[in-house]
Structure formats: C-alpha cells, structure tokens
Amino acid sequence: MTTPQEVLKMIQDQKIQMIDLKFIDTPGTWQHLTVYHNQIDESSFSDGVAFDGSSIRGWKGIEESDMMMVLDANTAWIDPFMKEPTLSIVCSIKEPRTGEWYSRCPRVIAQKAIDYLVSTGIGDTAFFGPEAEFFIFDDVRFDQNSHEGYYHVDSVEGRWNSGKKESPNLGYKPRFKEGYFPVSPTDSFQDIRTEMLLTMADCGVPIEKQHHEVATGGQCELGFRFGKLIEAADWLMTYKYVIKNVAKKYGKTVTFMPKPIFGDNGSGMHCHQSIWKDGKPLFAGDKYAGLSEMGLYYIGGILKHAPALLAITNPTTNSYKRLVPGYEAPVNLAYSQGNRSASVRIPLSGDNPKAKRLEFRCPDATSNPYLAFAAMLCAGIDGIKNKIHPGEPLDKNIYELSPEELAKVPSTPGSLDLALEALENDHAFLTETGVFSEDFIENWIDYKLANEIKQLQLRPHPYEFHLYYDC
C-alpha cells in the first residue's frame, strides 16, 4: 500500500517532472491529463484536480462540465513510454460542487459494488482474474464514407500470407485454429510478448505467463495474478496500455476487437471470480466440482442475468461475431467443470480451497472492466440472496448433443441490440443495489443505440455488394 506522502516523496526524490493523471470514460478507454509536479499535493488525493469533463463520452454537458480527478496513491508507477520522467496515477471522479463521487464514473461504480457486497454481510472481498486475448497485426487500414467502406489487416503470421513475397517467405505460419502452442519459428512473437510481460511487471502488475493463442494472425494472451475487484480492473487497463505501446515500439499494432478475422477464433476475456470473508474463501465446498452452495447460487445469478449482463460485458456489435458456435466460443448459458463451450466453467484447482473459483467465459476485452466486474458481482450476489440454483451441469460434448437436447440449453443473445433489450427488461439486480443508477443504465442503452447500433445499421456492408449488387 502506498500513501499520498510516499508518492509525493518519490516525486521529489526521483526528480519526477510530470504527473500523468489517468481516468476511464464510460465505454472503457483511458483518458489522461498531464500536469507539472508542483500541481500535485496531499489535497489532490482527497479533493482532486480540476478538469473539464464536457467532452468525455457519456458524461456531462458543457453547462456542468467542471469535475475533479481524485488521485489513488496505490496506482502510482513510472510510465516506461515517456521521454521525460513521468509518474502515472489512476483517478476516480468527484463532483466539485457537492463533493460527492460522480455516479457515472466507472471506477466509482466498481467501489459501490464492493460496498454493496460488504453491506449484505455475504463477504468483504471479491477477487477477479481476467484473461484478455488480443491480436498483433503488422498493418491495419480501414475507412467508411459515403461511397466506400473497407478494412484490411495484415500479419506476418497470417495464413492468408502463405503466397506473399517476403524476401524470402519461409512459410512458418500457423494454420487456422492451430496457433496453440507452437514453438518458434511458427510462433514469431515470443520476444515481443516477453517484453510486454516484463514491462507490465515494471508498472506494478503481478505477472504470471505469456503464450500464443488458438487463432492465426498473431493472437496472444498474457496472464497476471487475480486481484481485488478495483485492483484487477486497474491492472487490466495497465495491461492494455502496455501491450499496445510495446507493439508500437516494434512497429506493430494490437487490437482487442473480439472478431477481427473471419473464419478463425475470436478474442475473449474469461473472468475468474470468487468471494471471500475475513480472509477465507467462500466458494469451496462439497457440492458439484468442489463448490459450496454459495458458489452454485452465484453461478445461478450469473446465468439468470447473463443476457442482460452481456450488454455490459460484451458491449460492441463485433462482440457477437465471436459468440457463435464452432470457434470454442461460450454460447451456451450453462455451467460445467470442464466444458469450454459452457459459459461458466469451474476450473480444476486441486484441494486448495483458496483456489476454488468460477470462470465466466462470455466477456471480452472491449468491455469497461470496472463496469463488467461490478455487474457480474451484482448478478452473483442476486443469485446468493435469492438462492438461484443453476440447475444441472452441462458435462456432455455440446457438439454431440441431439437437436432436442441442444434446444433445452439456453444461449447467449445473438446481437448487441438483443443484449441491450435484455438489459432494459432486467436491470433491477444492478439498480436496486444502489451500485448502478437508473440514469446510468438509461444513458448506457441510449449511447450504444445512437452511436453504435444505429450507425452500423445506416451503412452498407461490403458483403452486401457480394450478395445483392447484381439482383
């Protein structure tokens, strides 16, 4: 733990010139303001630093734009990508007129989720361990205007590049769905992933592993240790920041889009989670897969509210191009101890009760982690409070089920607009807790409809020319 006094002393002792204040907008992108070191004092960690919030997506109008960034001393690290010594600090947002925390700040919402957990008496700590996958490309181009629309991605590992002149073309390219885990030279990203991982460690993220993922075209994953809800969300944002900037250093580009390549596996963000109280894990027991009854009820809440949850955990139109059968995507709203086509999996964790957890496999890394983790926790708590049993586990091979058996297994929504419709009809588990406000839910749905779904509906798709041009 780091105190404001320790941060200020570090600034002085290391002669740090610039302080980079980072905060997250509603859709889930880091924004920042960089100030000279003399603009920060102890009050910055309680009262905050003033800024204009009128241009932040999903936030305030220009008539009430003054806001305050409150620095969190626990998040301080030296930014490895800045020329001048720069200290990075993550902030939460306050209302300057009332001194209240801003109800649309995702980090504030995440804190409310923890406060709600404590208020129920169920537990005092929620641990999350996200596994965010991504693609590394060598080149990306895209545009959309009145008379043309296209995208183009290129990768040294792209199977489609087998015939490309590379002076010479050595042919080491993963085949579709065979990127898990070939060694070099087929895996050409070992060194870049290692640098990403070690740089994350320099930024305070507790690192664990790195590897190539299933898809061709440079799909990868780095792993870090689970953490408390807000801590894990902070680490995930650092993860995304580091990976993108290390890739840029190598002349490459990274995307967390769930489905940038047609016909191959997409990128998800499996979320491991558990609840503890007084230092003891609460999900270990003698029920199915070594779970406690509480753990099963938590799963019941996740599965019951999954269609609505996905509007927050899978918040883009592209998210639902990943959630389709045949690509190891968790489209079945069921649970299992080993079946990766089920949306909730209970990982093998041995006899250690501290390792007992569940893994919600639907989310992807386009989500805002503070909102996604908070929403999942609310759904799980609702399951515990109302004793929602998840039913029988799905331990069969989903691809071997008969049509009659498969019809009994509910599935994830097929599009973002269907998920938003589910959220509109089922959000009491978020708002009655006081974690999310009705204003936030209404604003979220309106923003997604106006800025993403309707905009996509207005524009012709390149494939429509293939289908309909000669009709």
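Before reading further, recall that the structure is shown in the block above.
Right, let's walk through the structure included here.

Across its full length, the chain carries twelve helices and 18 strands. Computed over the C-alpha atoms, the radius of gyration of the chain is 23 Å, within 12% of the 23 Å expected from 2.2 N^0.38 for a compact globule of 471 residues. Within the span of the chain, comprising 471 residues, buried residues form 54% of the whole. Taking all contacts inside the chain whose residues are at least 6 apart in sequence as the whole, residues at least 24 apart take part in 68%. Surface accessibility of the chain: about 21800 Å² in total, with carbon and sulfur atoms responsible for 52%. Averaging the positions of the 47 positive and the 63 negative side-chain charges in the chain gives two centres separated by 4 Å.

Here we take up the nonpolar core. One broad rule of soluble globular proteins: the nonpolar side chains tend to lie buried together. Counting 98 residues, the largest nonpolar core has F134, M196, Y239, F373, L377 and F436 as its most contacted members. The leading source of residues in this core is helix α4 (residues 229-249), at 13 residues. The residues contacting Y239, other than those within four sequence positions of it, are A132, F134, M200, E221, L222, F224 and F256. In terms of nonpolar packing, the next biggest core, distinct from the first, is built from 24 residues, I11, V49, F51 and M69 among them.

Okay, the environment of T120 next. By the secondary structure assignment, T120 is in helix α2 (residues 106-120). The sequence separation of T120 and T433 amounts to 313 residues, and the corresponding C-alpha distance is 9.8 Å. Those residues in contact with T120 that sit more than four places away from it in its chain are I381 and K385.

Attention now goes to the pairing of strand β9 (residues 149-154). With six bridges joining them, strand β8 (residues 139-144) and β9 adopt antiparallel strand pairing. For Q144, the partnering residue across the bridge sits in β9 and is G149.

There is a patch of nonpolar side chains on the surface, built from V140, F142 and Y151 and spanning about 360 Å² of accessible area. By secondary structure assignment, the location of F142 is in strand β8.

Once that is clear, we can look at unusual backbone geometry. P185 follows S184 through a cis peptide bond whose omega is 10 degrees. A positive phi angle is found at D278, which is not glycine, with a value near 55 degrees. Among the secondary structure elements, D278 is positioned in the loop between β14 (269-277) and β15 (280-281). Even without being glycine, A289 reaches a positive phi, approximately 55 degrees. Among the structural elements, A289 can be located in the loop between β15 and α5 (293-313). Since its relative accessible area comes to 18%, A289 is described here as buried.

What counts as what
Residues numbered from 1 in each chain as written. Predicted model: local features only at pLDDT ≥ 70, side-chain atom pairs only at ≥ 80, totals over all residues. Heavy atoms only, no water. Helix = DSSP H or I, 4+ residues; strand = E, 2+ residues; numbered from the N terminus. Rg over C-alpha atoms; globule rule 2.2 N^0.38 Å. Buried < 20%, exposed > 50% of the residue type's maximum accessible area, 1.4 Å probe, protein only. Contact = heavy atoms within 4.5 Å. Areas by Shrake-Rupley, 256 points an atom, 1.4 Å probe, with all protein chains shown as cover. Lys, Arg positive; Asp, Glu negative; His and termini not counted. Charge placed at Lys NZ, Arg CZ, Asp CG, Glu CD. Core = buried A, V, L, I, M, F, W, Y, C linked by side-chain atoms within 4.5 Å. Pairing = 2+ DSSP bridges. Patch = residues over 30% accessible without salt bridge, like charges linked within 9 Å, V, L, I, M, F, W, Y side chains within 5 Å. Salt bridge = Lys/Arg side-chain N within 4 Å of Asp/Glu carboxyl O.

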